[in-house]
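What follows is the residue order along each chain.
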Amino acid sequence: MVEIRKVQEMDAEAVWQIFHEVVAEGDAFCSDESVSREQALNMWLTDDTYVALVEGQIAGAYSLFPIHSGHGSHITGAAYMVSSRYRGTGVGLALGHHSLEKAKEKGYLAMQFNCVVSTNEAALALWKKLGFKIIGTVPKGFQHPKCGLVDTHILHRFL
Ligand SMILES: CC(C)(COP(=O)(O)OP(=O)(O)OC[C@H]1O[C@@H](n2cnc3c(N)ncnc32)[C@H](O)[C@@H]1OP(=O)(O)O)[C@@H](O)C(=O)NCCC(=O)NCCS
């Protein structure tokens, strides 16, 4: 069972640990290990961040943010992360569904991910399952720690 609720101040350490793990893996986020705890928590402790709990433990999180300001602010971006301990158990899917609902509730017209690493099979399979389409590719857009320069995809879906 995955419970999803708004992030709270008391979740800060757990959220930081998951972020730090993903960044240390180096194959999904553009952020690298130079991002401080404070900077990371500024990104993840927002009004539009939700955490997933499994048996009371923080297993993952997502955060929504307008992808542009002004005339582009009707499209939301989002970031997702699941602790390696809980991956493959439905947490990402639950966060994905929840985020689409929340984005709709907030009045966004569409959701767009600007940088999905082409080697991130789990993320690509998840987003395709949730109805996203690849609308563009940035050649050699990501410095992958094992594969070298790899493409990144832009994914989009209307809400
Ligand atoms: C991508 C991520 C959020 C997926 O979360 P998750 O909890 O592992 O995913 P789920 O268990 O809910 O799986 C949902 C679907 O994703 C796909 N998927 C998940 N793991 C997969 C894997 N290792 N290989 C291929 N597909 C996978 C499957 O389609 C799966 O559905 P299924 O179980 O019915 O086949 C998670 O792996 C993660 O946090 N990775 C590091 C950070 C990251 O990549 N963030 C997203 C950047 S765009």
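What comes next concerns the included structure. (Residues numbered from 1 in each chain as written. Predicted model: local features only at pLDDT ≥ 70, side-chain atom pairs only at ≥ 80, totals over all residues. Heavy atoms only, no water.)

**Quick word on the packing of helix 1 (residues 12–25) against helix 2 (residues 37–44)**
1) Next: Packing of helix 1 against helix 2 leaves a shortest axis separation of 10 Å and a crossing angle of 105 degrees. By the angle class used here, helix 1 and helix 2 are roughly perpendicular. Contact residues: A12, E13, V15, W16 and F19 in helix 1; R37, A40, L41, M43 and W44 in helix 2.
2) Next: When its residues are assigned to classes, the contact of helix 1 with helix 2 shows eight nonpolar, no polar and two charged. (Axes fitted to C-alpha atoms, helices over the stretch in contact; angles between N-to-C directions. Helix = DSSP H or I, 4+ residues; strand = E, 2+ residues; numbered from the N terminus. Parallel < 35°, antiparallel > 145°, perpendicular 65-115°, else oblique. Contact = heavy atoms within 4.5 Å. Nonpolar A, V, L, I, M, F, W, Y, C, P; charged D, E, K, R; others polar.)

**A closer look at the side chain of H153**
1) Next: By the secondary structure assignment, H153 is in strand 7 (residues 148–158).
2) Next: What makes H153 buried here is its relative accessible area of 13%.
3) Next: Only 3.0 Å separates the side chain of H153 from the side chain of T137, close enough to count as a polar contact.
4) Next: Every residue in contact with H153, bar those within four places of it in the chain, is listed here: F113, N114, C115, V116, S118, L124, I134, G136 and T137. (Buried < 20%, exposed > 50% of the residue type's maximum accessible area, 1.4 Å probe, protein only. Polar contact = N/O pair within 3.5 Å; in protein donor to acceptor, adjacent residues only side chain to side chain.)

**So, the site of the ligand**
1) Next: The local shell around the ligand holds 21 residues, among which V82, G92, L93, N120 and K129 are the closest.
2) Next: A distance of 2.8 Å separates an oxygen atom of the ligand from a polar atom in the backbone of G90.
3) Next: Separating an oxygen atom of the ligand from a backbone N or O atom of L93 is a distance of 2.8 Å.
4) Next: About the coverage of the ligand: the protein hides 72% of its 920 Å² of free accessible area. (Near = heavy atom within 4 Å. Areas by Shrake-Rupley, 256 points an atom, 1.4 Å probe, with all protein chains shown as cover.)

**Concerning the nonpolar core**
1) Next: Counting residues in hydrophobic clusters, the biggest one holds 25 residues, and the most contacted among them are Y80, V91, M111, F113, W127 and F132.
2) Next: Of all the elements in the fold, those that place two or more residues in this core are strand 2 (49–54), strand 3 (57–66), strand 4 (75–82), helix 3 (91–105), strand 5 (110–117) and helix 4 (121–129).
3) Next: Ignoring anything within four residues of it in the chain, the contact list for F132 reads L100, M111, F113, W127, L155, H156 and R157.
4) Next: V22, A28, F29 and L53 belong to the second largest nonpolar core, which has 19 residues in total. (Core = buried A, V, L, I, M, F, W, Y, C linked by side-chain atoms within 4.5 Å.)

**Structural notes on the packing of aromatic side chains**
1) Next: Overall, the coordinates contain nine aromatic pairs when judged by the stated rule.
2) Next: Ring geometry for F113 versus F132: centroids 4.6 Å apart, planes at 25 degrees, classification stacked. On the criterion of sequence distance, the pair formed by F113 in strand 5 and F132 in the loop between helix 4 and strand 6 (133–144) is long-range, its members being 19 residues apart.
3) Next: Between the aromatic rings of W127 and F132, the centroid separation amounts to 5.9 Å while the plane-to-plane angle is 65 degrees, which identifies the pairing as edge-to-face. Across this residue pair, the class does not change: W127 and F132 are buried.
4) Next: An aromatic cluster is defined as three or more aromatic residues linked by ring pairs; in this entry it consists of Y50, Y62, Y80, F113, W127 and F132. (Phe/Tyr/Trp six-rings, centres within 6.5 Å; stacked < 30°, edge-to-face > 60°.)

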